[in-house]
Amino acid sequence: MREALRLARQAAESGEVPVGSVIVKDGRILGRAGNQVESLRDATAHAEMISLTQAAEALDDWRLEGTTVYVTLEPCAMCAGAMVLSRVGKIVFGADDPIAGACGSVFNIVGEKRLNHRIPIVRGVLANECGEILKEFFRTRRRR
């Protein structure tokens, strides 16, 4: 999660919403990214989506079974759906997202019984640090 926080800080310095994502399997980092929505001008360039692509490339397989995604903010519906489709093994996230969270806060895509894969989650890891970086980013943005 510390690496995900570092990536979130980098994203903030680039004017992106500060979210970082790291994907690990067997102690090896397969993918890592911060948000790049603004820089790539792409609504799908969330940290999780980019790190999923990197992990699939590293494994030479779209199935990411046995991986753990560490992300600073609860994934949105798009990212949670992509993780389900990718067969991610576990999601560990920091701050809850009461506006768009899809791992239990607003939706529970990763636990939806009608889908063919469900993902266990661990929430609240370094939640204060993960939440504070987001709060500070939006405080600064509102001041401008």
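These numbers were taken from a predicted model, which means no experiment stands behind them. (Residues numbered from 1 in each chain as written. Predicted model: local features only at pLDDT ≥ 70, side-chain atom pairs only at ≥ 80, totals over all residues. Heavy atoms only, no water.)

Enquirer: Before we go on, may I ask you to explain the pairing of strand E3 (residues 68–73) in this structure?
Expert: The two faces of the sheet receive side chains in turn, since in a regular strand these alternate between them. Most of E3 sits out of view: 5 of its 6 residues are buried. Bridging between strand E1 (residues 20–25) and E3 involves 4 bridges; their strand directions are antiparallel. Across the sheet, the residue bridging to Val24 is Thr68, located in E3. Pairing analysis gives 5 bridges linking E3 to strand E4 (residues 90–95), with the strands arranged parallel. (Buried < 20%, exposed > 50% of the residue type's maximum accessible area, 1.4 Å probe, protein only. Helix = DSSP H or I, 4+ residues; strand = E, 2+ residues; numbered from the N terminus. Pairing = 2+ DSSP bridges.)

Enquirer: What is the right way to look at the pairing of E1 in this model?
Expert: The buried fraction of E1 is high, at 5 of 6 residues. Here 6 bridges tie E1 to strand E2 (residues 28–34), and the two strands are oriented antiparallel to one another. The partner of Val22 across the bridge, within E2, is Arg32. The antiparallel pairing of E1 with E2 creates a hairpin that spans 2 residues between the two strands, and Asp26 there sits at a positive phi of about 50°.

Enquirer: Hey, could you run me through the pattern of salt bridges in this one?
Expert: Evaluation of the coordinates by the stated rule reveals 10 salt bridges. Between Asp61 and Arg63 there is a salt bridge, with the nearest N and O atoms lying 3.3 Å from each other. The exposure class of Arg63 is partly exposed, given its relative accessible area of 37%. Salt bridges sharing common partners tie together Arg2, Arg9 and Glu129. (Salt bridge = Lys/Arg side-chain N within 4 Å of Asp/Glu carboxyl O.)

Enquirer: Any chance you could explain the sheet that holds E1 here in plain terms?
Expert: The strands that make up a sheet are held in pairs by hydrogen bonds between backbone atoms, and each pair lies either parallel or antiparallel. Strand order in the open sheet formed by 5 strands is E2-E1-E3-E4-E5, with mixed pairing between adjacent strands. With partners counted over all chains shown, the strands left at the sheet margins are E2 and strand E5 (121–123), one partner each. Taken over all neighbouring pairs, the strand axes of this sheet differ in orientation by 15° on average, direction set aside. Where helix H1 (residues 2–13) meets the sheet, its contacts fall on E1, E2 and E3, and the angle it forms with E1 comes to roughly 150°. (Axes fitted to C-alpha atoms, helices over the stretch in contact; angles between N-to-C directions. Contact = heavy atoms within 4.5 Å.)

Enquirer: Can you help me understand the packing of H1 against helix H5 (residues 127–143) in this one?
Expert: Relative orientation and spacing of two packed helices are given, respectively, by the angle between their axes and the distance between those axes. Close contact between H1 and H5 brings their axes to 11 Å; oriented N to C, the two are set at 5°. Classified by the interaxial angle, the pair formed by H1 and H5 is roughly parallel. Residues Arg2, Leu5, Ala8, Arg9 and Ala12 of H1 form the contact with H5, whose own contacting residues are Glu129, Cys130, Ile133 and Phe137. (Parallel < 35°, antiparallel > 145°, perpendicular 65-115°, else oblique.)

Enquirer: Can you help me understand helix H4 (residues 77–86) in this one?
Expert: For an α-helix, 3.6 residues make a turn, and residues three or four places apart therefore share a direction. Counting buried positions along H4 gives 7 out of 10 residues, so the element sits mostly inside the fold. Taken as a whole, H4 has its buried residues at Cys79, Ala80, Gly81, Ala82, Met83, Val84 and Ser86. Remark: Arg87 follows H4 within two positions and exhibits a positive phi of approximately 65°.

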